[in-house]
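Survey of secondary and tertiary structure
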Amino acid sequence: MLDHIGVQVRDVETSLAFYLRVFGPIGMHEVLRFPTDDGFVVGLAGPGGVPDFWLSPAARPEARELHVAFVASDRQAIDAVHEAAVAAGAEVLHAPREWPEYHPGYYGVFLRDPDGHNVEAVHHGG
């Protein structure tokens, strides 16, 4: 249903470093960057290489929490995201576990990004 999502952030470099370090274990990487009047916009992709997650400079302070979940290939990748988040000093909202209230096999970790958003890595399998 979604093609891509763009998130405005206070500091693109800080957010970019966070996402690349924490979600690198699930294959997130930078694929495109271009300048704007306020800095630059960066496109991030997963293993498929299509930039479907975008970071850009915020026009004004954010007042709402965004929730974004990224697909992981397996539970080990979720655990690796958690380890990377802890090593980066990120706030862990919920350590990796199964969430049967969502559906059987839903395994995820929930984190806080540098702008206060709730970001997740999830695997939908057994």
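Up top is the structure.
The following refers to the structure shown. From a predicted model like this one, the values you see are computed outputs, not experimental measurements.

1. Comments concerning the nonpolar core
Counting residues in each nonpolar core, the largest one holds 28 residues, and the members touching the most others are Tyr19, Phe23 and Leu55. Taken together, the elements giving at least two residues each to this core come down to strand S1 (5–9), helix H1 (12–23), strand S3 (39–45), strand S4 (51–57), strand S5 (67–71), helix H2 (75–88), strand S7 (106–112) and strand S8 (118–124). Residue contributions to this core peak at 6 residues, all from H1. Contacts of tyrosine 19, omitting those with residues within four sequence positions, involve Gly24, Met28, Leu44, Phe53, Leu55, Phe70, Asp113 and Val119.

2. Re the packing of aromatic side chains
In the structure shown here, the tally under the stated rule is 11 aromatic pairs. A ring pair is formed by tyrosine 19 and phenylalanine 23, whose centres lie 5.8 Å apart and whose planes are at 20 degrees; its orientation type is stacked. Taken together, the positions of tyrosine 19 and phenylalanine 23, both in helix H1 and 4 residues apart, correspond to about one turn of that helix. Classification of phenylalanine 23 by relative accessible area gives buried; the value is 0%.

3. Here's the deal with H2
In this model H2 runs 20 Å from its N-terminal to its C-terminal C-alpha over 14 residues, within 8% of the 20 Å that 1.5 Å per residue would give. Taken as a whole, H2 has its buried residues at Ala77, Ile78, Val81, Ala84 and Ala85. End-on, the buried residues of H2 take up no more than an arc of 120 degrees, which puts them together on one face. The exposed set on the far side of H2, more than 90 degrees from its buried face, consists of Gln76, Glu83 and Ala87. The elements touched by buried residues of H2 are H1, strand S6 (91–98), S7 and S8.

4. Quick notes on the pattern of salt bridges
Under the criterion given, the structure shown has 7 salt bridges. The partner of glutamate 98 in a salt bridge is arginine 75, with the nearest N and O atoms 2.6 Å apart. With glutamate 98 in strand S6 and arginine 75 in helix H2, this residue pair connects regions lying 23 residues apart in the sequence. Here the salt bridges do not stand alone but share partners, grouping Glu13, Glu30 and Arg33 into one network.

Rules and cut-offs
- Residues numbered from 1 in each chain as written.
- Predicted model: local features only at pLDDT ≥ 70, side-chain atom pairs only at ≥ 80, totals over all residues.
- Heavy atoms only, no water.
- Core = buried A, V, L, I, M, F, W, Y, C linked by side-chain atoms within 4.5 Å.
- Buried < 20%, exposed > 50% of the residue type's maximum accessible area, 1.4 Å probe, protein only.
- Helix = DSSP H or I, 4+ residues; strand = E, 2+ residues; numbered from the N terminus.
- Contact = heavy atoms within 4.5 Å.
- Phe/Tyr/Trp six-rings, centres within 6.5 Å; stacked < 30°, edge-to-face > 60°.
- Expected span 1.5 Å × (residues − 1).
- Arc of directions from axis to C-beta.
- Salt bridge = Lys/Arg side-chain N within 4 Å of Asp/Glu carboxyl O.

Just distances and angles here, no functional claims.
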